[in-house]
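Letter by letter, the chains look like this.
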Amino acid sequence: VAGLGDVRGLHFDLSARVVRIDASDSATQRALGAIRRAGFDPLPLPDADSAASTDRLVEGLPRLGAGLLIALAAEAVHFFVEGSMAGSVLGMALALTAIALAGASTYRKGLAALIRGRLNMNALMSVAVTGAFLIGEWPEAAMVMVLYALAEAIEARALDRARNAIKSLMAMAPDTAEVQQPDGGWADAPVSQVALGTRVRVKPGARIPLDGVIVSGQTSVNQAPVTGESLPVDKGPQDSVFAATINVAGTIEVTTTALASDSTLARIIRAVESAQAARAPTQQFVDRFAAVYTPAVFAVALLVALASPWLLGWAWTESAYRALVLLVIACPCALVIATPVTVVSGLAAAARRGIIIKGGVYLESARRLRVVALDKTGTITEGKPKLVDQRVVADEPDRVLAWASRLAGHSDHPVAQAIAQGLPRVDGDVEGFAALAGRGVRGLIDGELLHLGNHRLIEELGVCSPSIEAVLDEHERQGRSVTMLASTSKVLAIFAVADTIKDSSRAAISHLHHIGVRSVMLTGDNAVTARTIAVQAGIDDARGDLLPDDKLRIIGEQQTEYGPTAMTGDGINDAPALAKADIGFAMGRGGTDTAMEAADVVVMNDDLRRVPETIELSQRTHRLLWQNISFALGVKVVFLILAMLGHATMWMAVFADMGASLIVVFNGLRILRQSASV
């Protein structure tokens, strides 16, 4: 196809058996003709999805079953009427019928490959079966072709399972949504026709049809299909929800923020499919090896057939038979299939856990990580300040706290909002409310002029004291932000706000240390806060007061000193470091689009424990890859020796070859079972 005129490019997804042809309409038609002449049956993508692929396999089973029965009949004729001319003719006719039923596709592809001088698996099998038939081993030729075709069908079905493990999540999204009508009523509509900004209603127990923001109602949502979280998450107005997640409790109304084709789940599937299409390093190595291995084995078989009668005194038929056995056992099916099925299973297993890995190269290389660098806010911590301590230093504490609540409630500053949310809510007007840039706010409540602000504001008011300074120092050593409520004459209350560490962060850091990975925190916050958070989380090293360029420089230093280094973050300021690191992990729930674009791995639920899980998944995938490759090569070596010694038959060869293929496929699929049980 590449040699045809007007074909600008070819893009392959080998595991999905899909090729995208970049060409004019006329060139595309010529390309399809060339593909058909090569022995393939091209179908447009709508007809070539996983369901259709599986249906074609099911439809082909009756033909294979008939071929198997006829091949057995040929074996019976050969056994019972051996030596009879009529029996031989009947047996050969049966064998040819079985070969035609089971191997027509193999022959078309094999002959096309031989014409082009390409020695692939179909070419080897076509030559082996034809040779066996010509030297009088027609029952064995028929049975070998049937078994090969049957094993190919089983192998393709297993590959479909691996490839569709993540795509099956898309089926979880409902086909219809309950949409609000112009008259205020509700009616079902296909999700594909629901526009942005549409109001939809989701009842308890139903799946949320589209990404959106809750505008009415309170509920809890099972987000496992998208984020991998095991427990439902409480949701209310202004909270985001994802398509295909399950509304567990109350009825909610949601304003859609994405079309069905651009939902978070759809983007996840596209990302994983794109990752599956890219070849992992081990797969590239195996492909290069197979490209040399297959012609080499063909040459050895030809040498055995032609030279052994002269050198070893074998009969010509015996030499030819042993050469044909070599061809069958040498088919690199198991070797070639060992890598993609394992990598695809690993990517799907990660996606089920809410980990989107953008390519097999990152799945394979994560096991080599020696350092994980982490941003603080939103990665290690919640990214939402909380009131963690309060101290009233004046009389009438209830009245003082009510003043603080009213004054803080009128400010939109995150620290003031944290104080307002941490205190009992008290409604009431604040006269003359004003924001004091970089210092705080002020207002008149119950005839009293009050200030709520930082250390600088209290110094300007002239109401700070040694005892207040001592309290401030204590909080600052713990990495807290301190805000004070003061009148014109004295400090009334002290509030400490901190960005609390996520419950999962300590466990994640401990897990990293357990698998031998060093941790370092990189943050723009002050050094005191950085050290405090690092101690609380158990992090090995902490660097504060960093700009994006500083983070970039430190990533390079870690790579030089310790080896492969990952960066984990969620903000725009983390993007350069994410791109510089050997592997970048982005927090997907609260992360910016820039960070997620720059990262190699996206953690959909912002759970830091997914980072060591990814490293361990990489280690398991690597072990399975080399188990499969070693097993496939080991079987080849053993049976090549047996074939040369005359102890292997074509039956044994095809069972060994296709048996090895099935074993490596199902061994690779183990990752999916392991992820399902986590």
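Residues numbered from 1 in each chain as written. Predicted model: local features only at pLDDT ≥ 70, side-chain atom pairs only at ≥ 80, totals over all residues. Heavy atoms only, no water.

## Here's the deal with the overall build of the protein
Then step 1. Of the regular secondary structure elements, the protein holds 24 helices and 24 strands.
Then step 2. Counting only residues that meet the buried cut, the protein has 49% of its 678 residues in that class.
Then step 3. Contacts in the protein between residues at least 24 apart in sequence constitute 65% of all its contacts with a sequence separation of at least 6.
Then step 4. About 30400 Å² of surface is accessible on the protein, with carbon and sulfur atoms providing 57% of the total. (Helix = DSSP H or I, 4+ residues; strand = E, 2+ residues; numbered from the N terminus. Buried < 20%, exposed > 50% of the residue type's maximum accessible area, 1.4 Å probe, protein only. Contact = heavy atoms within 4.5 Å. Areas by Shrake-Rupley, 256 points an atom, 1.4 Å probe, with all protein chains shown as cover.)

## A closer look at the environment of Ala-266
Then step 1. Mapped onto the elements, Ala-266 comes out in helix H7 (residues 264-277).
Then step 2. Judged by relative accessible area, which is 4%, Ala-266 ranks as buried.

## A few points about a nonpolar patch on the surface
Then step 1. Nonpolar side chains collect at one region of the surface, where Leu-302, Leu-306, Trp-310, Leu-311, Leu-312 and Trp-316 lie side by side and expose about 770 Å² of accessible area between them.
Then step 2. The greatest single-element share of the nonpolar patch, amounting to four residues, is contributed by helix H8 (residues 281-311).
Then step 3. Note on placement: Leu-312 falls in the loop between H8 and helix H9 (316-330). (Patch = residues over 30% accessible without salt bridge, like charges linked within 9 Å, V, L, I, M, F, W, Y side chains within 5 Å. Salt bridge = Lys/Arg side-chain N within 4 Å of Asp/Glu carboxyl O.)

## A short note on the packing of helix H13 (residues 397-409) against helix H14 (residues 414-422)
Then step 1. Relative orientation of the contacting elements H13 and H14 amounts to 135 degrees, with a least axis distance of 8 Å. As far as their axial angle goes, H14 and H13 are oblique. Where H13 crosses over H14, the handedness of that crossing is left-handed. Residue-level contacts link Ser-405, Ala-408 and Gly-409 of H13 to Ala-416, Gln-417, Ile-419 and Ala-420 of H14.
Then step 2. Tallied by class, the residues present in the contact of H13 with H14 amount to four nonpolar, three polar and no charged. (Axes fitted to C-alpha atoms, helices over the stretch in contact; angles between N-to-C directions. Parallel < 35°, antiparallel > 145°, perpendicular 65-115°, else oblique. Left-handed = near helix turned anticlockwise from the far one by under 90°. Nonpolar A, V, L, I, M, F, W, Y, C, P; charged D, E, K, R; others polar.)

## Quick look at the packing of aromatic side chains
Then step 1. As enumerated under the stated definition, the model contains one aromatic pair in all.
Then step 2. Relative to Trp-316, the ring of Trp-310 has its centre 6.1 Å away and its plane inclined at 85 degrees; by these criteria the two rings are edge-to-face.
Then step 3. Its relative accessible area of 68% is what places Trp-310 among the exposed residues. (Phe/Tyr/Trp six-rings, centres within 6.5 Å; stacked < 30°, edge-to-face > 60°.)

## What about the packing of helix H17 (residues 503-514) against helix H22 (residues 610-645)?
Then step 1. Where H17 contacts H22, the axes come no closer than 8 Å and their chain directions differ by 30 degrees. In terms of axis orientation, H17 runs roughly parallel to H22. Side by side, H17 and H22 meet where Ala-508, His-511 and Leu-512 of the first sit next to Val-611, Pro-612, Ile-615 and Glu-616 of the second.
Then step 2. When the residues that make up the contact of H17 with H22 are grouped by side-chain class, the tally is five nonpolar, one polar and one charged.

## Let's talk about the sheet that holds strand S22 (residues 565-569)
Then step 1. Pairing in this open sheet of seven strands is mixed, and the strands run S12-S24-S23-S22-S13-S20-S21 from one edge to the other. Either end of the sheet is taken by a strand with one partner, and the two such strands are strand S12 (355-357) and strand S21 (541-543). Here the average twist between neighbouring strands, direction ignored, is 20 degrees.
Then step 2. Direction of pairing for strand S23 (residues 583-587) relative to strand S24 (residues 601-603): parallel, over a ladder of three bridges. Counterpart to Phe-585 in the pairing with S24 is Val-601.
Then step 3. Its contacts with the sheet place helix H18 (residues 527-537) against strand S20 (518-522) and S21, and it is angled at close to 155 degrees to S21. (Pairing = 2+ DSSP bridges.)

## A few points about the nonpolar core
Then step 1. By size, the foremost hydrophobic cluster in this structure holds 48 residues, and its most contacted members are Met-125 and Met-650.
Then step 2. Elements with a minimum of two residues in this core: helix H2 (50-80), helix H3 (85-115), helix H4 (121-134), helix H5 (138-167), H8, H9, H22 and helix H23 (650-668).
Then step 3. At 11 residues, H5 tops the list of elements feeding residues into this core.
Then step 4. Beyond its immediate sequence surroundings of up to four residues, Met-650 is in contact with Ala-128, Ala-132, Glu-140, Val-144, Tyr-321, Leu-324, Val-325 and Val-328. (Core = buried A, V, L, I, M, F, W, Y, C linked by side-chain atoms within 4.5 Å.)

## Observations regarding the sheet that holds strand S10 (residues 246-247)
Then step 1. Strand order in this open sheet of three strands is S8-S7-S10, and the pairing throughout is antiparallel. The sheet is open, and its two borders are formed by strand S8 (233-235) and S10, each paired with just one other strand.
Then step 2. Here strand S7 (residues 219-222) runs beside S8; their pairing, made up of three bridges, is antiparallel. Bridged to Thr-219 within S8 is Lys-235.

## Re unusual backbone geometry
Then step 1. Even without being glycine, Gln-238 reaches a positive phi, approximately 80 degrees.
Then step 2. Relative to the assigned elements, Gln-238 resides in the loop between S8 and strand S9 (240-241).
Then step 3. A relative accessible area of 64% means that Gln-238 is categorised as exposed.
Then step 4. Even without being glycine, Ala-244 reaches a positive phi, approximately 80 degrees.
Then step 5. Structurally, Ala-244 can be placed in the loop between S9 and S10.

## Some remarks on helix H16 (residues 466-477)
Then step 1. With 12 residues, H16 extends 17 Å between its outermost C-alpha atoms, agreeing within 8% with the 16 Å of an ideal straight helix rising 1.5 Å per residue.
Then step 2. Those residues of H16 that fall on the buried side of the exposure criterion are Ile-468, Val-471, Leu-472 and His-475. End-on view of H16: buried residues confined to an arc of 100 degrees, all on one side of the axis. Exposed side of H16, more than 90 degrees from the buried face: Pro-466 and Arg-477 are the residues found there.
Then step 3. Just downstream of H16 lies Gly-479, where phi reads positive at about 75 degrees. (Expected span 1.5 Å × (residues − 1). Arc of directions from axis to C-beta.)

## Quick look at the pattern of salt bridges
Then step 1. Inspection of every chain in the model, using the stated rule, returns 15 salt bridges.
Then step 2. The partner of Glu-178 in a salt bridge is Arg-201, with the nearest N and O atoms 2.5 Å apart. Here the residue Glu-178 occupies a position in strand S3 (residues 176-180), and Arg-201 occupies one in strand S5 (residues 199-202), the gap between them amounting to 23 residues.
Then step 3. Judged by its relative accessible area of 17%, Glu-178 falls in the buried class.
Then step 4. Salt-bridge contacts for Arg-610 lead to Glu-613; the nearest nitrogen and oxygen are separated by 3.2 Å. Placement of both Arg-610 and Glu-613 in helix H22 is noted, with a separation of three residues, approximately one turn of the helix.
Then step 5. Through salt bridges that share partners, Arg-353, Arg-610 and Glu-613 make up one connected network.

## Structural notes on the confidence of the model for the protein
Then step 1. Across the protein, pLDDT averages 81, with 86% of residues at or above 70.
Then step 2. At the low end of the mean pLDDT range in the protein sits H7, at 64; at the high end sits strand S13 (residues 371-374), at 95.
Then step 3. With pLDDT under 50 throughout, residues 47-56 is counted as low confidence; its partners more than four residues away or in other chains account for 13 contacts. (pLDDT = per-residue confidence, 0-100.)

## Examining the pairing of strand S11 (residues 252-256)
Then step 1. The element S11 is largely enclosed, with a buried count of four among its five residues.
Then step 2. Pairing geometry for S5 and S11, over four bridges, is antiparallel. Across the sheet, Arg-201 pairs through a bridge with Glu-253, a residue of S11.
Then step 3. Relative to S11, strand S6 (residues 212-216) is paired through four bridges, and the arrangement is antiparallel. Its bridge partner being in S11, Ile-214 is matched across the sheet by Val-254.

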